[in-house]
Amino acid sequence: MAELTAEMVQRRYETVASGTYAPEIPGLPDLVFVKMGLAQRGHSSRAYSAKLKELYAAGGYFSEALLPTILEKACRENGLDVSVLKKQRDIMKRLYDSIPPELAQPYDQLTPEEVTLLSPEEQAERRRDMEEHGRRIMEWANGFYTDEDRAVMEQTKQIEALEQHLKAQTAEHYARKHQMETEILLCARKTEDTAAPYFADIEDIQGLEDRNRQGLVQLYIKWKQFKEGLLPDFFRPDSTH
């Protein structure tokens, strides 16, 4: 297992102390995030409220408050039984209660940026060990699930996919997307000059959909992780995992 070194821990500490984070994102070199201040948070909140009001006024979107009702109706129309969701929760509780501790956790807690600091040999060894870890999990899961469990899990996946599809059509979803893009516009800076915005405007960010879709997805993910604090122990200078 690749170890979190003292150097990596120190770099994590410096990240939170400085309030900056340089993510590794394909096609977006020399990018750094800076921590949101009170002014940026206020701007973010107003961006969400204004976009939500605009979307409701425009029509064509429904509220997340209606999602359970709409989902249940859509499930009936597609021959899906929402009662399997409780069965799925029971299965997952049984799984978490019985899975071996060594398989219950991720292989390690290194971030993609920290993986790049490993030697090529260490990276290759890590890939092999992660594949073996994944194989052991699959073998254990194959022996854990009954045929009935598998049927429940399959139908649950279909319901969850339908729910995500419906959620992506809500006004709140688009308002949150606009809010995130506003935050990125405010807090994505250039490495050589952290006072200089990385993107010209929100349209510049959205334009990545055509120019660099993988980079756009990673941009959203990395910003959300940075804003929310990454892993639970990421910013502890004494973290050992």
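Our subject is the structure that appears above.
Given the structure is predicted, the values throughout are model-derived calculations rather than measurements. (Residues numbered from 1 in each chain as written. Predicted model: local features only at pLDDT ≥ 70, side-chain atom pairs only at ≥ 80, totals over all residues. Heavy atoms only, no water.)

Draft legend 1. Looking closely at the overall build of the chain. Scanning the chain for helices and strands turns up 12 helices and 4 strands. Along the longest, intermediate and shortest principal axes, the C-alpha atoms of the chain span 55 × 55 × 30 Å. Restricting to contacts in the chain with at least 6 residues of sequence separation, those with at least 24 account for 75%. For the chain, the exposed surface amounts to about 14,800 Å²; the carbon and sulfur share of it is 53%. Averaging the coordinates of the 32 positive side-chain charges in the chain and doing the same for the 42 negative ones gives two points 5 Å apart. (Helix = DSSP H or I, 4+ residues; strand = E, 2+ residues; numbered from the N terminus. Contact = heavy atoms within 4.5 Å. Areas by Shrake-Rupley, 256 points an atom, 1.4 Å probe, with all protein chains shown as cover. Lys, Arg positive; Asp, Glu negative; His and termini not counted. Charge placed at Lys NZ, Arg CZ, Asp CG, Glu CD.)

Draft legend 2. View of the packing of helix α2 (residues 38-58) against helix α9 (residues 171-187). Relative to each other, α2 and α9 sit at 150°, their axes nearing to 8 Å. The way α2 lies across α9 gives a crossing that is right-handed. On the side of α2, the interface is formed by Gln40, His43, Ser44, Ser45, Ala47, Tyr48, Lys51, Leu52, Leu55 and Tyr56, while α9 contributes Ala171, Glu172, Tyr174, Ala175, Arg176, His178, Gln179, Thr182, Glu183, Leu186 and Cys187. In terms of residue class, the contact of α2 with α9 is built from 10 nonpolar, 7 polar and 4 charged. (Axes fitted to C-alpha atoms, helices over the stretch in contact; angles between N-to-C directions. Left-handed = near helix turned anticlockwise from the far one by under 90°. Nonpolar A, V, L, I, M, F, W, Y, C, P; charged D, E, K, R; others polar.)

Draft legend 3. Focus on the pattern of salt bridges. One pass over the full model with this rule turns up 19 salt bridges. Lysine 86 is paired through a salt bridge with aspartate 90; the nearest N and O atoms lie 3.2 Å apart. Of the two residues, lysine 86 and aspartate 90 both sit in helix α4 (residues 84-98), 4 residues apart, roughly one turn of that helix. For aspartate 90, a relative accessible area of 42% corresponds to the partly exposed category. For aspartate 147, the salt bridge goes to arginine 150, with nearest N and O atoms at 3.6 Å. Placement of both aspartate 147 and arginine 150 in helix α8 (residues 147-167) is noted, with a separation of 3 residues, approximately one turn of the helix. Note on aspartate 147: relative accessible area 66%, which makes it exposed. We classify arginine 150 as partly exposed; its relative accessible area is 35%. (Salt bridge = Lys/Arg side-chain N within 4 Å of Asp/Glu carboxyl O. Buried < 20%, exposed > 50% of the residue type's maximum accessible area, 1.4 Å probe, protein only.)

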